[in-house]
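So you can see what is in the structure, the chains are spelled out below.
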Amino acid sequence: MENIVLFSAVKANAGLDFLTPLTAVLDSHWYVLGNEVTLFEQAFADYVGIKHCISVANGSDALELALKGLGVESGDRVVAVANAGFYGSTAIHAVGAQPLYVDIDPSSLTICPKAFAAVLDSKPAAVIVTHLYGQLANVEEVVRIASAAGVAVLEDCAQSHGARRNGKRAGSFGTVACFSFYPTKNLGALGDGGAVVTDDDALATRIRQLRQYGWSQKYHVSIPGGRNSRLDEMQAAILRVKLPHLDTWNEQRRSIAKRYNAAFAALDMQLPCSTGEDYVAHLYVVRVKTRTEFAAALKEKMVTTDIHYPVADHKQPAYAVVSPQALNATEQACETVISLPCYPGLTGEEVERVIEAVTAYFSEGKQPC
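Please read these numbers as outputs of a predicted model, since none were measured by experiment.

Novice: Can you help me understand unusual backbone geometry in this one?
Specialist: Trans is the prevailing form of peptide bonds, just as negative phi is the prevailing case for residues other than glycine. The omega torsion across His308 and Tyr309 is 15 degrees, close enough to zero to call that bond cis. Here Tyr309 lies in the loop between helix H11 (291-300) and helix H12 (328-336). Of note in this structure, Lys123 is not a glycine but carries a positive phi near 55 degrees. Structurally, Lys123 can be placed in the loop between helix H6 (113-117) and strand E4 (126-130). Although it is not a glycine, Met302 adopts a positive phi angle of roughly 65 degrees. Positionally, Met302 belongs in the loop between H11 and H12.

Right, dumping it as structure tokens:
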């Protein structure tokens, strides 16, 4: 019996023609910031429903360059959640700013707007809204609060490509948004890649300069803080092939999540709060009281699990931070979340095996009373 893995970029890629576009790139002899990048940036901007897409080397660079583009500097405060794998925190520290952690909504596991509003007296320069696990946060309310306070909103969409609410896609709500195209993402390249999107013309121009040394023209460094962070032509070509399939793949993910939610509804576990268009099921994350035992039981049945994410950002030993707020929901989530397999290409039989393994754990009396 084969092990059911947590991620499979291979199955989603099955049947796609990558050879033709890659051969075209090789024949062009142009490998960086060429026609494929231009075409992908326009296609992705159109998909998100926003004016500008600036592709970069990876999602982490996207977050850092977006903060720099917003003018976030050393000593500034940036509001963030602490349950999202430290990616936003890495960017905050990289620009010399200070993370200002707020608690999450215990249902969606994304930023709690009331908790955000409670720290506005600290005069944050920006807030990072992470659409975690593919679930759109209550970003409209965060934007409303932030706009009234003059705070820039940065959407972290690394796990939410294509999520929608009221006709708007992830990345089109805030001041600026960032995406990762790591191979396991809903839209993944065959290596690293990322992008920043925005409707702000001046901000787009600044970030385009920052991704290439701060140049205004070749060899003329006009703004500080630039770096070399560019999506290469081959990855752009791959992403152009895959982008038209994204909505179909997202629907496949949601379909699996719906089967899981229906099967697990009566079990002693907390399930994703939505399986609608505002959730693209990048990860199917549940919360269980006896996570270690649960994971071991599924492993015995050849079902892989993982924990996204076990250590809250404010408890990471390299950057221990005292939060101005209690982060009770955040810490409880980090202690109980566990991810089950959910990806395009997961067969109906494999989904049923996951369901059987999970329900068997609870039916055999291993769960707490």
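Novice: Hey, could you run me through the side chain of Asp156 in this one?
Specialist: Note on placement: Asp156 falls in strand E5 (residues 152-156). Buried within the structure, Asp156 lacks any salt-bridge partner; its nearest side chain of opposite charge belongs to Lys185, at an N-O separation of 7.3 Å. Side-chain polar atoms of Asp156 contact the backbone nitrogen of Ala158, separated by 3.1 Å. Ignoring any residue separated from it by four or fewer positions in sequence, one finds Asp156 in contact with Leu63, Ile128, Val129, Thr130, His131 and Cys178.

Novice: Where do I start with the pairing of strand E12 (residues 284-287) in this structure?
Specialist: Look at any regular strand and the pattern is simple: side chains alternate between the two faces of the sheet. The two faces of E12 match: Tyr284 and Val286 on one face and Val285 and Arg287 on the other face are all buried. The sheet contact formed by E12 and strand E13 (residues 337-340) spans four bridges and is antiparallel. Each residue of the ladder has a partner; that of Val286, found in E13, is Ile338.

Novice: Where do I start with the layout of surface pockets in this structure?
Specialist: Where empty space is left can be seen by rolling a probe of water-molecule size over the atoms. A volume near 390 Å³ is recorded for the largest pocket. For the lining of the largest pocket, the elements supplying multiple residues, two or more each, are helix H4 (59-69) and strand E8 (176-180). Taken together, the residues of the lining of the largest pocket sort by class into eleven nonpolar, ten polar and three charged. In this structure, the second largest pocket occupies an estimated 200 Å³ of space. Gln270, Arg287, Val288, Gln332 and Thr336 are the residues nearest the centre of the second largest pocket, which is lined by 13 residues in total. Looking at which element gives the most residues to the lining of the second largest pocket, the answer is H12, with four residues. Class assignment for the residues of the lining of the second largest pocket results in seven nonpolar, three polar and three charged.

Novice: Looking at this model, I keep getting lost on the pairing of E4. Mind explaining?
Specialist: Burial runs high along E4: five of the five residues are buried. Of the two faces of E4, the one carrying Ala126, Ile128 and Thr130 and the one carrying Val127 and Val129 are both buried. For strand E2 (residues 77-80) and E4, the ladder comprises two bridges, and the chain directions are parallel. Counterpart to Val79 in the pairing with E4 is Val127. Bridge analysis of E4 against E5 gives five bridges, and the strand direction is parallel. For Ile128, the partnering residue across the bridge sits in E5 and is Leu154.

Novice: Even after reading the chapter, I still don't get the packing of helix H2 (residues 19-28) against helix H9 (residues 233-242), so can you show me in this structure?
Specialist: Relative placement of two packed helices is described by the angle separating their axes and the distance separating the axes. At their nearest, the axes of H2 and H9 sit 9 Å apart, and the two run at 150 degrees to each other. For the element pair H2 / H9, the angle class is roughly antiparallel. The element H2 and its partner H9 pack so that their crossing is right-handed. When H2 is examined against H9, the residues Pro21, Leu22, Val25 and Leu26 are found in contact with a partner set consisting of Glu233, Met234, Ala237, Ile238 and Val241. For the contact of H2 with H9, the residue count by class is eight nonpolar, no polar and one charged.

Parameters at a glance
Numbering of residues starts from 1 in each chain and follows the order in which that chain's sequence is written. Local features in this predicted model are restricted to residues of pLDDT 70 or higher, and side-chain atom pairs are both shown and tallied only at a pLDDT of 80 or more, whereas totals for entire chains, interfaces and linings draw on every residue. Think of the side-chain values as coming from all heavy atoms in the structure, minus any hydrogens and water. Helix and strand definitions follow DSSP, with helices as H or I runs of at least four residues and strands as E runs of at least two, each counted in order from the N terminus. Burial classification: accessible surface area is computed with a 1.4 Å probe over protein chains only, and a residue below 20% of its type maximum counts as buried, one above 50% as exposed, and the rest as partly exposed. When charges are counted, Lys and Arg are positive and Asp and Glu negative, with His and the chain ends excluded. By definition, a salt bridge exists where a carboxyl oxygen of Asp or Glu is found within 4 Å of a side-chain nitrogen of Lys or Arg. As used in this structure description, the phrase polar contact means that two N or O atoms lie within 3.5 Å; if the pair is within protein, one of them must be able to donate a hydrogen and the other to accept it, and residues adjacent in sequence are counted only when both atoms belong to side chains. By definition in these notes, contact holds between two residues if any of their heavy atoms fall within 4.5 Å. Two strands form a pair only when DSSP identifies at least two bridges running between them. Using a grid of 1 Å spacing that covers the protein atoms alone, one calls a set of points a cavity when a 1.4 Å probe fits there but cannot get out, and a pocket when the set is open and has protein on both sides within 12 Å along at least five of seven lines; lining residues are those with an atom within 4 Å of a point. Grid points are joined across faces, edges and corners, and a volume is the space filled by probe spheres set on the points. Polar here means any residue other than Ala, Val, Leu, Ile, Met, Phe, Trp, Tyr, Cys and Pro, which are nonpolar, and Asp, Glu, Lys and Arg, which are charged; Gly is therefore polar. Geometry is summarised by axes, namely lines fitted to C-alpha atoms with helices restricted to the contacting stretch, and by angles between N-to-C directions that run from 0 to 180 degrees. What sets the label is the angle itself: under 35 degrees gives roughly parallel, over 145 gives roughly antiparallel, 65 to 115 gives roughly perpendicular, and the rest give oblique. Crossing handedness is read from the near helix: turned anticlockwise from the far helix by less than a right angle, it gives a left-handed crossing, and turned clockwise, a right-handed one.

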